[in-house]
Amino acid sequence: MFVELIATIFAGIGCAGIVMVLNMLTGKRLPKWLMPVAAGAGMIGMTISNEYTWFGRTAERLPEGVVIAMTVDEQSWLRPWTQLRPYTKRFVAVDVATLRRNDAQPDQRLVDLYFFGRWAPVNQLPMLMDCAGARSAVLVDGAEFAADGSISDADWQNVPNDDPILTMVCET
């Protein structure tokens, strides 16, 4: 966040500098209001660029074995350019490299989900997926494995058969 703030400030300074040089080259014929307008436009442009490139930059830095399962795009009337092209504000990644199975429960998979959001810390959540039953359970403190591989105190929730996270986990 701090680096993006500094980049935005420098973009404004750079655009104002370009107008200043153009003003000197034209014999100071440009209107005086053009320099602050150029600085503001440069800062807005940099902010828009950072919004649209955040997802790509973050996805590139994911470790091997962590795969993006779902993205959430956003449109806002406060950002009119998003009406033309929404930007990715949040996404869920699945750590398929550490996916765990239990021979006693072959249709169930235990995975770690990572929730990424623009201007939000990364959250990790262990989740148990039941491929045959199309359901999932968040594993929180208190859920324990029984001798047969089942989990006690699991709060199962039904999920649609076409859920992207369920599909990804069950195909792995």
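## Description of the overall build of the chain
Helices and strands together make up the secondary structure of the chain, namely four helices and nine strands. When the helices and strands of the chain are placed in sequence order, the string is α-α-β-α-β-β-β-β-β-β-β-β-α. Taken over C-alpha atoms, the radius of gyration comes to 24 Å for the chain, far larger than the 16 Å a tight globule of 172 residues would show. Taking the principal axes of the C-alpha coordinates as reference, the chain spans close to 85 × 25 × 25 Å. Evaluated residue by residue, the chain yields a buried proportion of 33% over its 172 residues. Long-range pairs, those at least 24 residues apart, make up 45% of the contacts in the chain between residues at least 6 apart in sequence.

## As for a nonpolar patch on the surface
There is a patch of nonpolar side chains on the surface, built from Phe2, Leu5, Ile6, Ile9, Phe10, Ile13 and Met43 and spanning about 690 Å² of accessible area. Counting residues per element, the nonpolar patch draws most heavily on helix H1 (residues 2–25), at six residues. Secondary-structure assignment places Ile9 in helix H1. Residue classification places Ile9 among the partly exposed positions, given a relative accessible area of 36%.

## A short note on the packing of H1 against helix H2 (residues 34–60)
The N-to-C vectors of H1 and H2 enclose an angle of 145°; their axes lie 7 Å apart at closest approach. Crossing of H1 against H2: the hand is right-handed. For the pair H1 and H2, contact is made by Glu4, Ala7, Thr8, Ile9, Ala11, Gly12, Cys15, Ala16, Val19 and Met20 and by Leu34, Met35, Ala38, Ala39, Gly42, Met43, Met46, Thr47, Asn50 and Arg57, respectively. For the contact of H1 with H2, a count of residues per class yields 13 nonpolar, five polar and two charged.

## A look at unusual backbone geometry
Excluding glycine, most residues fall at negative phi; most peptide bonds, likewise, are trans. Although it is not a glycine, Lys28 adopts a positive phi angle of roughly 60°. Turning to its location among the elements, Lys28 is positioned in the loop between H1 and H2. Phi is positive for Ala134, close to 50°, though the residue is something other than glycine. By the element assignment, Ala134 lies in the loop between strand E5 (120–130) and strand E6 (135–138).

## Brief notes about the nonpolar core
Val94, Val111, Leu113, Met129, Ile165 and Val169 are the most contacted members of the largest nonpolar core, which has 14 residues in total. Within the residue set of this core, elements represented by two or more residues are strand E2 (87–95), strand E4 (105–117), E5 and helix H4 (164–171). In terms of residue count, H4 provides more of this core than any other element does, four residues in total. Contact partners of Ile165, with chain neighbours within four places excluded, come to Ala69, Val92, Val94, Leu113 and Met129. Residues Trp54, Leu62, Phe91 and Tyr114 belong to the second largest nonpolar core, which totals seven residues.

Basis of the calculations
Residues numbered from 1 in each chain as written. Predicted model: local features only at pLDDT ≥ 70, side-chain atom pairs only at ≥ 80, totals over all residues. Heavy atoms only, no water. Helix = DSSP H or I, 4+ residues; strand = E, 2+ residues; numbered from the N terminus. Rg over C-alpha atoms; globule rule 2.2 N^0.38 Å. Buried < 20%, exposed > 50% of the residue type's maximum accessible area, 1.4 Å probe, protein only. Contact = heavy atoms within 4.5 Å. Patch = residues over 30% accessible without salt bridge, like charges linked within 9 Å, V, L, I, M, F, W, Y side chains within 5 Å. Areas by Shrake-Rupley, 256 points an atom, 1.4 Å probe, with all protein chains shown as cover. Salt bridge = Lys/Arg side-chain N within 4 Å of Asp/Glu carboxyl O. Axes fitted to C-alpha atoms, helices over the stretch in contact; angles between N-to-C directions. Left-handed = near helix turned anticlockwise from the far one by under 90°. Nonpolar A, V, L, I, M, F, W, Y, C, P; charged D, E, K, R; others polar. Core = buried A, V, L, I, M, F, W, Y, C linked by side-chain atoms within 4.5 Å.

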